[in-house]
Amino acid sequence: MPNNTITHDVIVVGAGLAGTWAAMVAAREGVKDIGVLSKIHPLRSHSGAAQGGIAASLSNTRPVAGTGPRGPLEQIPPGEEPVDSPDLHMFDTIKGSDWLGDQDAIRILVDDAADVVYEYEHMGCVFSRTPDGRINQRRFGGHSAPRACFAADWTGHVLLHTIHEQALRNNVKFYAEWYVMNLIIEDNICRGVVAMDVLTGEVHTLRAKAVMFGTGGYGRAFKITSNAFANTGDGVAIAYDAGAPLMDMEFVQFHPTGLYRHGILMSEACRGEGGYLINNKGERFMEKYAPDKMELAPRDLVSRSEQTEINEGRGVMEDGQGIFLDMRHLGREKILSRLPQVREIAINFVGVDPIDAPVPIQPTAHYSMGGIPTTVDGQVIANAAGDPVVGFYAAGECAAVSVHGANRLGTNSLLEASVFGRRAGYAIAEFVKGGAQLYPVSGDPAERQRQRIKSLLDRDGDELVEHIAQDLKSTMTDNCGVFRDEDRLKVAMSDIKELQERFKHARTMDKGRHFNTDLLATLEAEHLLTFSEVIVAGALARTESRGAHSRTDFPKRDDEDWLKHTVAHKTDDGPKLSYKPVSIDWEKYPPQERKY
Amino acid sequence: MFDFIFKRETPEAIKKGNKAIVRIQRFNPEVDEKPYMEEFEVPMTPDTTVLDALHHIKTEQDGSVTFRRSCRHAICGSCAMNINGSNDLACHRPLSESLDYHGKITIKPLPFQPIIKDLVVDRTTFWAQYMKIKPWLIPPDDIPEKEFRMSPEEVEALHNAETCIMCGACYSSCQVVGLNKEYIGPHALLKSFLRTADPRDSIPGERLEIVDGDNGVYRCHTIFNCIDACPKNLNPTEAIETLRKLAQKRLAYEEAREERQKTLNEPIREA
């Protein structure tokens, strides 16, 4: 066996909610030897940036009688009729997904929701409460009942810290600041990963009976994004390079309220609590686009409405590229108690206090609906026929199980990462305890990655990696953004090809070994270039508009031809696309027109 | 000896406010014997944050300038560093408001921890202390089908501690930590307070014993540096003071907790 080999029963990559849940559950189920690798410290994971809430149909609150569906909320007295149910949650999620979500997976998502939220609560998560001590719930876009369980506007933060603490309690071993570079799959069996210890710069082969990816989304491929620096879709690109397919990559959610120019998230809770969206004429323009749900229509629809206002000259700010998010009427007290983080962000980054003035916002790349296709137990699927990649699991934003289909509803992502991370944990524990083997690895995969690093560092071209990354982000935002068409997508595709060529000569400035974050940025840029091509290929092929994928040249949804998942495999000639049917209960939830 | 204050002329662009000079403490143990300061000139708009400036330097000027960062909106806790002599998050701090009258900002790594490279420090002792206080909640055995009931007031009392992002700004501002790495430190004591004060936790006595030791709450000299340093405006000193008081009546506090937990599955009765 080559040097620097580490073995574990289970290796989890990514320490956000999905990965940590899987590790914690597998440990609790008796798997002793688990290593969790994360390129940043686990508590820095982007799950912690989620703000508004986690969905579960607990029926703890309802609108005050006689105030209508948008009236103020109160706790539901014990014994009175519930306003919400898993079925209603299911319908909202399916409709939100524009019928591209797999209904077998959505069934599990909504049925497990209450249980997973209560488990968080039992583990110490500090939720906001109703007067009688239940978990408080607020409204969120696309949900037809107050369903978002929340902890002020830092829900993801408290969930992440809670689950991380419980993983520590269960003796899970964390490798903080280890960067996974390669996934080892031979004969359709996953055997481990190759990772760099960022501190020392040493590259190691880590073998395991099971590998689980909870590596997060790919929003960093866009110029304006709510995503952290870390969200470069590494796991998605690595899995694709190793031969696993990617599904529905063209579906990228643009959140309606990114802070103007920064892209930083202003929680949907701003609108959930009653905030307005205003154009430069002072109009609440959502009444034109979604007269019923208004600002609480789903995100794809609101972002398109904003972009339409902007494109037609009704945007705000000097360049007309903004929209106002007006929360002044909510009052000081509500903003301070329910939206404290949002207020702090607005003050710090654009110098606006939402108590006194409207906040400039714009659509921002936010969530990756697509990813590595899995079963409802996190098992990665190798092909359209449904064969498994033995020993390889994925959950959370890097995976496509797919509950979000063409558009995710707010608060369903924390839920998805938790429900399917937890399920993957149970499945992995069963797999390992059922006698899974540690398969041999042929050759020295770590040495291949050392050579890759060496060749990257040896390059001495004129161009900096960052400029290539910036050009990629610009073309993705301009040509593969809220609105798309064939011409622009073709521009994006040719730009990406050209950038991939330019990357071959790009220069990494830091040539050192230890803690070389410049090298990490280079590897990340390579990953961005890899999966961006898959996004654009899927978007070009899909000649319809569905959910977050909006083609101005094909403005209608086309169920006849396109009610199916895109599946992309890597080939020497670029992504090879095939298609997979959507799981639909034709009796109960057949496709309908999507109106709000 | 104060010549350096007066000697350098301020460039026009900096006077006009669209450029700034960033002084960064550099140290790469692979090549440097000791840390030194290096200056970089960066473009500046009113929107530019300190992190934007660092990012500009790293991607356009010198890729070897090394720092941690991720979320860029003050929730992940990666980018705590020493800015103009006090600890803060680089991401939420406007550059233009951090300059002296020469248009300069000075950035160093968090104090009292070994330097790995430039602004990156080795947080081993920081996390070891976090582990020492057992940061996880231990709920009672009797788990209800639904949620434990907590009043909004009980939740509000935890607010000071629950929003801690473990950035380490407080830890590296604490002179006691500077002298004694065995001290649990403000970050971990704040977390201990979060667990101890939570009505759902069933080992408050054990927690109070942990923080009651030699290197616990009595090591705090109430210098209040942690309060000044906290980028989330939290108050670790207050939490430490509360833990001190509770530690002195540990048995009574344990009894009160047992009593409270008897009704943890029942609705809160409104006053």
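Residues numbered from 1 in each chain as written. Chains lettered and ligands numbered in written order. Predicted model: local features only at pLDDT ≥ 70, side-chain atom pairs only at ≥ 80, totals over all residues. Heavy atoms only, no water.

Chemist: Got a minute to help me understand the side chain of T508 of chain A in this structure?
Modeler: All names here are of chain A. Within the element layout of this structure, T508 appears in the loop between α14 (486-503) and α15 (517-541). The exposure class of T508 is buried, given its relative accessible area of 0%. A distance of 2.9 Å separates a polar atom in the side chain of T508 from a polar atom in the side chain of T522. Among all residues touching T508, those that are not within four sequence positions of it are L456, L457, V465, D518, L519 and T522. (Helix = DSSP H or I, 4+ residues; strand = E, 2+ residues; numbered from the N terminus. Buried < 20%, exposed > 50% of the residue type's maximum accessible area, 1.4 Å probe, protein only. Polar contact = N/O pair within 3.5 Å; in protein donor to acceptor, adjacent residues only side chain to side chain. Contact = heavy atoms within 4.5 Å.)

Chemist: Can you help me understand the pairing of strand β2 (residues 34-38) of chain A in this one?
Modeler: Residue and element names in this part refer to chain A. Within β2, five of the five residues are buried, which leaves the element mostly enclosed by the surrounding structure. By the bridge criterion, four bridges tie strand β1 (residues 5-13) to β2 in an arrangement that is parallel. Looking at β2, one finds that I11 is bridged to G35. Each parallel crossover has a hand, and for β1 linked through helix α1 (residues 17-28) to β2 it is right-handed. Pairing of β2 with strand β8 (residues 173-176), which is carried by four bridges, proceeds in the parallel orientation. Within β8, the residue paired with L37 across the bridge is Y175. (Pairing = 2+ DSSP bridges. Right-handed = clockwise from strand over helix to strand, strands pointing away.)

Chemist: I would appreciate a short explanation of the interface of chain A and chain B in the present structure.
Modeler: Accessible area lost upon the coming together of the parts serves often as the stated size of an interface. Chain A puts 63 residues into the contact, and the matching count from chain B is 69 residues. Overall, the association of chain A and chain B removes approximately 5,500 Å² of surface from exposure, summing both partners, and the carbon and sulfur fraction of that is 53%. The tally of links from chain A across to chain B stands at seven salt bridges. K232 of chain B is the partner of E344 of chain A in a salt bridge, and the nearest nitrogen-oxygen pair spans 3.7 Å. In this assembly, chain A and chain B are joined by 32 residue pairs in polar contact (both at pLDDT 80 or more). (Buried area = accessible area lost by both parts, 1.4 Å probe. Salt bridge = Lys/Arg side-chain N within 4 Å of Asp/Glu carboxyl O.)

Chemist: So what exactly am I meant to see when it comes to the domain arrangement of chain B here?
Modeler: Residue and element names in this part refer to chain B. In terms of domain boundaries, chain B breaks down into domain 1 (11-121) and domain 2 (124-261). Averaged C-alpha coordinates put domain 1 and domain 2 at centres separated by 32 Å. At the interface, 13 residues of domain 1 touch 16 residues of domain 2. Carbon and sulfur atoms make up 58% of the area that domain 1 and domain 2 hide from each other, which totals about 1,100 Å². Considering only the surface of domain 1 that becomes buried against domain 2, N87, F112 and Q113 emerge as the three largest contributors, covering 51% of it. The tally of links between domain 1 and domain 2 comes to zero salt bridges. (Domains from an automatic or database assignment.)

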